Amino acid sequence: MIRRSRLLAVLVFISSVFIVALPSLTHAQERTAVRQGFSFPNDGSARILVFRPDVTVGAQSTGGLFEPRADWTEQARGHIGTALDQALPTLNAQIVRIQEPIGSDAQLLRDYSALFGAVSQSIINYQFFVGNRLETKKRDNRENVFEWTLGEGVRTLPGADQADYALFITTEDHYGSTGRKLLQIFAAAAVGVGVTSGLHAGYAGLVDLQTGNLVWINADFAMGGDVREADGAVRRVSQLLEDFPGTLPISGERGGAAQ
Amino acid sequence: MHRITLILALISSSPAFANDLVPASTPVNVARSDLQVSPDRDWNKLDARPGRNSETWTLDGELLNDVSFYGGTENNRTLFREVDRRNRPLPRFTSTMLPTDIPTLLENSYRIARDVSIFTLDSQEPIRFAGNPGIRFTYSFIGRDNLHRSGEAHAAIIDGRLYMATFEAPSIHYFANGIAAFRHIAASAHIARPARRR
């Protein structure tokens, strides 16, 4: 009996250590990359087409299934949009906004946004996660080569003829339900198994509108900020634009806005 | 004490990931079977297998280019692992199927195993695959990530078992970029030994 309780105590201790340690391990992972040879124009002349962020918010059931929540998504979309409007003037570039596309243009934008999401996930899984790199890309990885693309078809995106780059932003948040959080604690304490609760993925990428190449990306499966609240959305947008190659110093000049 | 040490070792060991290189121009048996192919460029073989007798290769990650092999799926077996056997059982391959039944088997498997909501069979034609009469079919679908993907499959039923190679990639850029390399793989497919199981 004493042996069993000792074993349980050891498991609880190890689990608690892991629960504390895991987030720091996640953050230790690389999450930003710039294409080799890319340099952002420092005279503010670059024209960046900014699309409306692709935002999805929902709950994670006890079993881990994602249940989209339209109300949370709507709130987050508004807050992130406002936070982005406040952050864009800090980029040393001319910001190009277009009217919300409709019809086939809207579908094309949705398709590219979904492709950007898939490319971002692949970058996290196979480039940023060093232990999981693809054999055919290992030499590139060693030499810091970052070559990912959406293809030259980006030239057909609505507004692409008015800009040099497009800024894609995607966020996906799954908030763990109470049941899920309890399961996480129980699984860690009783069995020593790590059950994740929630997902807070965010990807921001700058795409060359001539080649389709990703020239800069910031992507992580563990972003901060509760996007359902205004303050949290400001934090999220600030994290997404962290290390953006053309960010102005606080006292620097700001690029104009082109409509 | 040994028990505690073992548990400690299990918990503290980091997850093992291993993606193997599949070198160009080297014949290789795939999906733990007698199906052999020779790619014309280097590929990565992913450690994770979608099903019992299957194997996935990729260039940039399975979300962007996915070549999957199904090596001799036997009678009454599923293509993928069951996700909810009680409420949504996967369809099973049967030896009496005709090659023209294979697209429906794949479609119905995807609807359950991959949560695919929209699946369209775009074309189908008879071909020879792995030296036997078979089928080539093309399809497109939208999965959980709302991304349009295109696919092409080459398949044949040989000695009552299903042999198939599929290529899937986002319809934008990636499908066109990878289809030639896949077709080279599919054209090189052959049964390396008589189809006999231990």
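Trainee: Give me the overall build of chain B: which residues, what numbers.
Mentor: Each helix and strand in chain B was counted, giving three helices and eleven strands. The N-to-C order of helical and strand elements in chain B reads α-β-β-β-β-β-β-α-β-β-β-β-α-β. Out of the 198 residues belonging to chain B, those deemed buried represent 50%. A sequence separation of at least 24 residues applies to 48% of the contacts in chain B between residues at least 6 apart.

Trainee: Tell me what's going on with the overall build of chain A, and back it up with residues and numbers.
Mentor: A tally of helices and strands in chain A yields six helices and nine strands. By residue count, 46% of the 259 residues in chain A fall in the buried class. Nonlocal contacts in chain A, meaning residues at least 24 apart in sequence, comprise 76% of its contacts between residues at least 6 apart. Summing over all exposed atoms, chain A offers an accessible surface of approximately 13000 Å²; the carbon and sulfur share of this is 54%.

Trainee: Run through helix α6 (residues 230-240) of chain A, naming residues and quoting values.
Mentor: Residue and element names in this part refer to chain A. Among all positions in α6, only Gly232, Ala233, Arg236, Val237, Gln239 and Leu240 are buried. Summarising the axial view, the buried residues of α6 lie within an arc of 160 degrees, below the 170-degree limit, and thus occupy one face. Against the buried residues of α6 lie α2 (70-87), β6 (165-176), β7 (199-208) and β8 (214-220).

Trainee: An account of the pairing of β8(A) is needed here, citing residue identities and associated values.
Mentor: Residue and element names in this part refer to chain A. Within β8, seven of the seven residues are buried, which leaves the element mostly enclosed by the surrounding structure. Here strand β1 (residues 32-34) runs beside β8; their pairing, made up of three bridges, is antiparallel. Paired with Val34 across the bridge in β8 is Trp216. Summarising the sheet, β7 and β8 pair through six bridges and their orientation is antiparallel. Bridging from a neighbouring strand, Val207 pairs with Leu214 of β8.

Trainee: Describe the packing of aromatic side chains, naming the residues involved and giving the relevant values.
Mentor: Per the counting criterion, the structure on display carries 22 aromatic pairs over all chains. Relative to Phe141(B), the ring of Phe119(B) lies with its centre 6.2 Å away and its plane at 15 degrees, an arrangement referred to as stacked. Of this pair, Phe119(B) sits in strand β7 (residues 118-129) while Phe141(B) is found in strand β8 (residues 132-142), placing the two residues 22 residues apart along the sequence. Looking at Phe119(B), the relative accessible area reads 8%, which means it is buried. Each residue in the set Tyr70(B), Phe80(B), Tyr110(B), Phe119(B), Phe137(B), Tyr139(B) and Phe141(B) is aromatic and connected to the rest through ring pairs, giving one cluster. Over the ring of Trp148(A) we find Lys137(A); its NZ or CZ atom is 4.3 Å from the centre of that ring.

Trainee: Tell me about the sheet that holds strand β9 (residues 148-158) of chain B, and name the residues and values.
Mentor: Residues and elements named next belong to chain B. Read from one edge to the other, the open sheet built from eight strands follows the order β1-β4-β5-β6-β10-β9-β8-β7, with strand pairing classed as antiparallel. If you trace the sheet from one side to the other, it starts and ends with β1 (20-22) and β7, each paired once. Ignoring which end each strand starts from, the neighbouring axes of this sheet average 25 degrees apart. Pairing between β7 and β8: eleven bridges, direction antiparallel. The residue of β8 that forms the bridge with Pro126 is Ile135. The strands touched by helix α2 (residues 102-113) within the sheet are β6 (66-73), β7, β8, β9 and β10 (161-170), with β8 carrying the most contacts at an inclination of about 35 degrees.

Trainee: Lay out the confidence of the model for chain A with the relevant residues and their values.
Mentor: Residue and element names in this part refer to chain A. Of the residues in chain A, 81% have a pLDDT of 70 or more, and the chain-wide mean is 84. Residue range residues 8-28 is modelled with pLDDT below 50. Its contacts to residues more than four positions away, or to other chains, number 19 contacts. Low pLDDT, under 50, characterises residues 251-259; the predicted model gives this stretch 18 contacts beyond four residues in sequence or across chains.

Trainee: Lay out the pattern of salt bridges with the relevant residues and their values.
Mentor: Applying the stated rule across the entire model yields 22 salt bridges over all chains. Asp226(A) is the partner of Arg228(A) in a salt bridge, and the nearest nitrogen-oxygen pair spans 3.0 Å. Note on Asp226(A): relative accessible area 22%, which makes it partly exposed. Counted as one network, the salt bridges with shared partners bring together Arg52(B), Glu74(B), Arg77(B) and Arg161(B).

Trainee: For the confidence of the model for chain B, give the residues involved together with the corresponding values.
Mentor: Looking at chain B as a whole, its pLDDT mean stands at 89, while 89% of the residues score no less than 70. Throughout residues 1-16 of chain B the model reports pLDDT below 50, and contacts reaching past four residues in sequence, or to other chains, amount to eleven contacts.

Trainee: Explain the pairing of β8(B) to me, and be specific about the residues and the numbers.
Mentor: The element β8(B) is extensively covered by neighbouring structure, given that eight of its eleven residues are classed as buried. Taking the residues between adjacent antiparallel strands as the criterion, β7(B) and β8(B) are bridged by two residues, where Ala130(B) takes a positive phi near 55 degrees.

Trainee: How would you sum up unusual backbone geometry? Please name residues and give values.
Mentor: One non-glycine residue, Asp243(A), lies in positive phi territory at about 65 degrees. Assignment of secondary structure puts Asp243(A) in the loop between α6 and β9 (257-258). Of note, Asn76(B) is a non-glycine position whose phi angle comes to about 65 degrees, a positive value. In this fold, Asn76(B) is placed in the loop between β6 and α2. Asn76(B) gets classed as partly exposed once you look at its relative accessible area, which sits at 46%.

What counts, and at which threshold
Position labels on residues start from 1 in each chain and follow its written sequence. The naming scheme follows written order: chains are lettered A onward, ligands numbered 1 onward. Given that the model is predicted, a residue must reach a pLDDT of at least 70 before its local features are reported, and side-chain atom pairs must reach 80 or more before they are shown or counted; all residues, however, enter totals for whole chains, interfaces and linings. Side-chain descriptors were evaluated using all non-hydrogen atoms of the structure, hydrogens and water having been removed beforehand. In DSSP terms, a helix is any run of H or I states spanning at least four residues, a strand is any run of E spanning at least two, and both are numbered starting from the N terminus. Exposed residues in this analysis have more than 50% of their type's maximum accessible area, buried residues have under 20%, and partly exposed residues fall in between, with area computed by a 1.4 Å probe over protein chains only. Whether two residues are in contact is decided by their heavy atoms, any of which lying within 4.5 Å being enough. Only the protein chains shown count as covering a residue, and every accessible area follows the Shrake-Rupley method with a 1.4 Å probe. By definition, the arc is the one covered by directions from the helix axis to the C-beta atoms. Strand pairing follows a simple DSSP-based rule, namely that at least 2 bridges must link the two strands. Two aromatic rings from Phe, Tyr or Trp, using only the six-membered ring of Trp, form a pair when their centres are within 6.5 Å; if the ring planes differ by under 30 degrees the pair is stacked, by over 60 it is edge-to-face, and anything between is tilted. Placement of a charge over a ring requires the Lys NZ or Arg CZ to be within 6 Å of the ring centre, with the centre-to-atom vector within 35 degrees of the ring normal. All axes here are fitted lines through C-alpha atoms, helices being fitted over the stretch that makes contact, and every angle between N-to-C directions spans 0 to 180 degrees. Per-residue confidence from the predictor is given as pLDDT, running between 0 and 100. One speaks of a salt bridge when a side-chain nitrogen belonging to Lys or Arg is within 4 Å of a carboxyl oxygen belonging to Asp or Glu.

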